[in-house]
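Okay, here's what each chain looks like letter by letter:
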Amino acid sequence: MMGQVILGLFLSALMGGLGYWRKALTISGLVGAILVGTLIFGFGGWVWGLLLITFFVSSSWLSHYRQADKEAVAEKFAKGSRRDLGQALANGGLGAVLAIVFARYPEPLLFAAFLGVMGTVNADTWATELGVLSRVPPRLVTTGEVVPPGTSGGVTWLGIWASVAGALLIGTMATALTQVASLLDGRGWSLRAVSYPLLAVVGGVVGSLFDSLLGATVQGIYYCEHCARETESPDHYCGQTARPLRGWTWLNNDVVNLVASSIGGLAAASLAWILWR
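Only a predicted model underlies this, so the values are computations on that prediction, with no experimental measurement involved. (Residues numbered from 1 in each chain as written. Predicted model: local features only at pLDDT ≥ 70, side-chain atom pairs only at ≥ 80, totals over all residues. Heavy atoms only, no water.)

Observations concerning the overall build of the chain
The helix and strand tally for the chain stands at nine helices and five strands. Written out in order from the N terminus, the α and β elements of the chain read α-α-α-α-α-α-β-β-α-α-β-β-β-α. Against the 2.2 N^0.38 benchmark of 19 Å for 277 residues, the chain shows a C-alpha radius of gyration of 19 Å, consistent with a compact globule. Residue burial in the chain is summarised as follows: out of 277 residues, 50% are buried. Within the chain, residue pairs in contact and separated by at least 24 positions form 72% of the contacts whose partners lie at least 6 positions apart. A total of about 13300 Å² of accessible surface is found on the chain, and carbon and sulfur atoms cover 68% of it. Where the 17 positive side-chain charges of the chain centre and where its 15 negative ones centre are 6 Å apart. (Helix = DSSP H or I, 4+ residues; strand = E, 2+ residues; numbered from the N terminus. Rg over C-alpha atoms; globule rule 2.2 N^0.38 Å. Buried < 20%, exposed > 50% of the residue type's maximum accessible area, 1.4 Å probe, protein only. Contact = heavy atoms within 4.5 Å. Areas by Shrake-Rupley, 256 points an atom, 1.4 Å probe, with all protein chains shown as cover. Lys, Arg positive; Asp, Glu negative; His and termini not counted. Charge placed at Lys NZ, Arg CZ, Asp CG, Glu CD.)

Things to note about the sheet that holds strand β4 (residues 229-231)
Each strand in a sheet pairs with its neighbour through backbone hydrogen bonds, running either in the same direction (parallel) or in the opposite one (antiparallel). Across the sheet, which stays open at both edges, the three strands sit in the order β4-β3-β5 with antiparallel pairing between neighbours. Every other strand in the sheet has two partners, leaving β4 and β5 (243-246) as the edge strands with one partner each. The sheet shows a mean angle of 45° between the axes of neighbouring strands, taken without regard to direction. Examined bridge by bridge, strand β3 (residues 221-224) and β5 share three bridges and lie antiparallel to one another. (Pairing = 2+ DSSP bridges. Axes fitted to C-alpha atoms, helices over the stretch in contact; angles between N-to-C directions.)

As for empty space enclosed by the protein
Per the stated rule, a full pass over the model turns up one cavity of 30 Å³ or more. Along its surface, the largest cavity is lined by 17 residues, and Ala33, Val36, Gly37, Leu52 and Phe56 are the ones closest to its centre. Elements represented by at least two residues in the lining of the largest cavity include exactly α1 (2-21), α2 (27-44), α3 (46-64) and α5 (85-104). A breakdown of the residues in the lining of the largest cavity according to their chemical character gives ten nonpolar, six polar and one charged. (1 Å grid on protein atoms, 1.4 Å probe; cavity = no way out; pocket = protein on both sides within 12 Å on 5 of 7 lines; lining within 4 Å. Points joined across faces, edges and corners; volume = space filled by probe spheres on them. Nonpolar A, V, L, I, M, F, W, Y, C, P; charged D, E, K, R; others polar.)

Things to note about the packing of helix α6 (residues 108-131) against helix α7 (residues 157-184)
The relative placement of two packed helices is expressed as an angle between their axes plus a distance between the axes. Viewed as axis vectors pointing N to C, α6 and α7 meet at an angle of 145°, and their least axial separation amounts to 7 Å. When the axes of α6 and α7 are compared, the crossing they make is right-handed. Residues Phe111, Leu115, Met118, Gly119, Asn122, Ala123, Trp126, Ala127, Leu130 and Gly131 of α6 pack against Leu158, Gly159, Ala162, Ser163, Ala165, Gly166, Ala167, Leu169, Ile170, Ala174 and Thr178 of α7. (Left-handed = near helix turned anticlockwise from the far one by under 90°.)

Considerations on the pattern of salt bridges
Within the structure shown, the criterion is met by one salt bridge. We note a salt bridge from Arg187 to Asp185, for which the minimum N-O separation is 3.1 Å. Here Arg187 falls in the exposed class, since its relative accessible area comes to 57%. The exposed category is assigned to Asp185, whose relative accessible area is 54%. (Salt bridge = Lys/Arg side-chain N within 4 Å of Asp/Glu carboxyl O.)

Looking at the packing of helix α8 (residues 196-217) against helix α9 (residues 253-276)
Taken N-terminus to C-terminus, the directions of α8 and α9 make an angle of 145°; their axes are 7 Å apart at the nearest point. α8 and α9 meet at a crossing whose hand is right-handed. Here α8 contributes Tyr196, Leu198, Leu199, Val202, Gly203, Val206, Gly207, Phe210, Asp211 and Leu214 to the contact with α9, which in turn contributes Val256, Asn257, Val259, Ala260, Ile263, Gly264, Ala267, Ala268, Leu271, Ala272, Leu275 and Trp276. Looking at the contact of α8 with α9, its residues break down into 17 nonpolar, four polar and one charged.

Spelled out as structure tokens, the structure:
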């Protein structure tokens, strides 16, 4: 176990360093990535760790995809394309906890929950990064009202299908990696792994939509008087302090991501319990 943790630390530091060099992480984000990656690699194993890398690489690439076209709505988001400690823990912290518990109690439903968690964070990132490029304006997930691009709780069909694709990537990778691991261990083909894409998609889409629901209802939203714009952060891009507009101020974007990923993990584990029993 100790050797696996050391290997996880080395690989996490390598990937985190590359992420910082590519400006996908801040210094605090680098620390968070190393912490989360070490725990997931070290306690979950290489299949868990490579799924984390799949999320990090794909989401980081999409954050820079057509970045100039996203500038108009970027100021509404709580944070930019560089992930910090809060984002690293919000996206990977629950996965790390599941990996630690799995090392002590290797219950398959814990891996199903991990698929739901990673499916949610990848689905939400893909929905955000691609959904803002939609030519059709978003609608609030609660009322269907048309809202400006970047509004919390707003969804588009492009964003929804992007979330499906993001979650499907996690599930497909999980199936492929598990089959390789099973063959290497001499256990043969894993029938249970065939269900992983479905678990990741269901968990990911449920979690992503719950994220939008929180954004439309109780997430803390602020208003910058100087720019006359809504934003998810009290510290606006223009340098002015935005005033609270609606929602709970303690429920920031990081907390929303953590809660949504928990819901996604629960949805995936519940479905796995039904399918596998």
